Amino acid sequence: MAFLLEKRDYSSSAIWIITEKGDIIYWKEINDELPTIKHFSKGSLIYLDKMELVPAQGNGLIKQAKSSKYVLIYNRQTKTFDSYYQYTAGDIRSAKQELEGEESESTDTSVNESSH
């Protein structure tokens with residue numbers, strides 16, 4: 001089970017994940033944010049290490065705030081929860097524009113070098 005608790009400052013919170021027996025297996029303080037969480041299932045498309053959607057290997061949580069979205073997935077090897085940033089459409093658009101800009105700069109440079 002996972003839940004969020006709002007702190008008394010009304011602008012920060014903490015996320016808790018507990019087992020069926022009530023053991024705390026994850027706890028993290030979240031300063032200056034009041035995110036929401038929701039569950040996702042194994043096979044859902046998420047971003048891990050790259051800007052490429054892949055099927056989730058297991059169930060997890062989505063932690064979403066105004067300016068960011070992360071997934072939390074349990075790592076069986078390290079027995080910890082790993083957090084991965086979830087790219088927005090704007091992030092992907094910006095990355096593509098940067099890549100296109102770099103490609104056109106390298107093309108411009110090679111054209112200039114070959115004309116000398």
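What you see is a predicted model; the values in this text were computed from it and never measured.

**Details of the overall build of the protein**
Thinking step 1. Along the protein, the regular secondary structure elements total one helix and nine strands.
Thinking step 2. Counting helices and strands in the order they occur from the N terminus, the protein gives β-β-β-β-β-β-β-β-β-α.
Thinking step 3. Taken over 116 residues, the protein has a buried fraction of 23%.
Thinking step 4. A fraction of 30% describes how many contacts in the protein between residues 6 or more apart in sequence connect residues 24 or more apart.
Thinking step 5. Per element, the accessible surface of the protein, about 8,800 Å² overall, is 50% carbon and sulfur.

**Observations regarding the pattern of salt bridges**
Thinking step 1. Using the criterion set out here, one finds one salt bridge in the structure.
Thinking step 2. Between lysine 7 and glutamate 29 there is a salt bridge, with its nearest N and O atoms 2.5 Å apart. Taken together, the residues span a long stretch of sequence, with lysine 7 in the loop between strand S1 (2–6) and strand S2 (13–18) and glutamate 29 in strand S3 (residues 24–30) at a distance of 22 residues.

**Focus: the confidence of the model for the protein**
Thinking step 1. Per-residue confidence for the protein averages 87 on the pLDDT scale, and 90% of its residues sit at or above 70.
Thinking step 2. Highest mean pLDDT in the protein belongs to strand S5 (residues 45–47) (97); lowest belongs to helix H1 (residues 89–114) (74).

**Some points on the sheet that holds S2**
Neighbouring strands of a sheet are bound in pairs by backbone hydrogen bonds; such pairs are parallel or else antiparallel.
Thinking step 1. In spatial order, the strands read S1-S2-S3; together these three strands make up an open sheet with antiparallel pairing. With partners counted over all chains shown, the strands left at the sheet margins are S1 and S3, one partner each. Across the sheet, the mean angle separating the axes of adjacent strands is 15° when strand polarity is ignored.
Thinking step 2. The pairing of S1 with S2 spans five bridges and is classified as antiparallel. Of the residues in S2, the one forming a bridge with leucine 5 is alanine 14.

About the cut-offs
Residues numbered from 1 in each chain as written. Predicted model: local features only at pLDDT ≥ 70, side-chain atom pairs only at ≥ 80, totals over all residues. Heavy atoms only, no water. Helix = DSSP H or I, 4+ residues; strand = E, 2+ residues; numbered from the N terminus. Buried < 20%, exposed > 50% of the residue type's maximum accessible area, 1.4 Å probe, protein only. Contact = heavy atoms within 4.5 Å. Areas by Shrake-Rupley, 256 points an atom, 1.4 Å probe, with all protein chains shown as cover. Salt bridge = Lys/Arg side-chain N within 4 Å of Asp/Glu carboxyl O. pLDDT = per-residue confidence, 0-100. Pairing = 2+ DSSP bridges. Axes fitted to C-alpha atoms, helices over the stretch in contact; angles between N-to-C directions.

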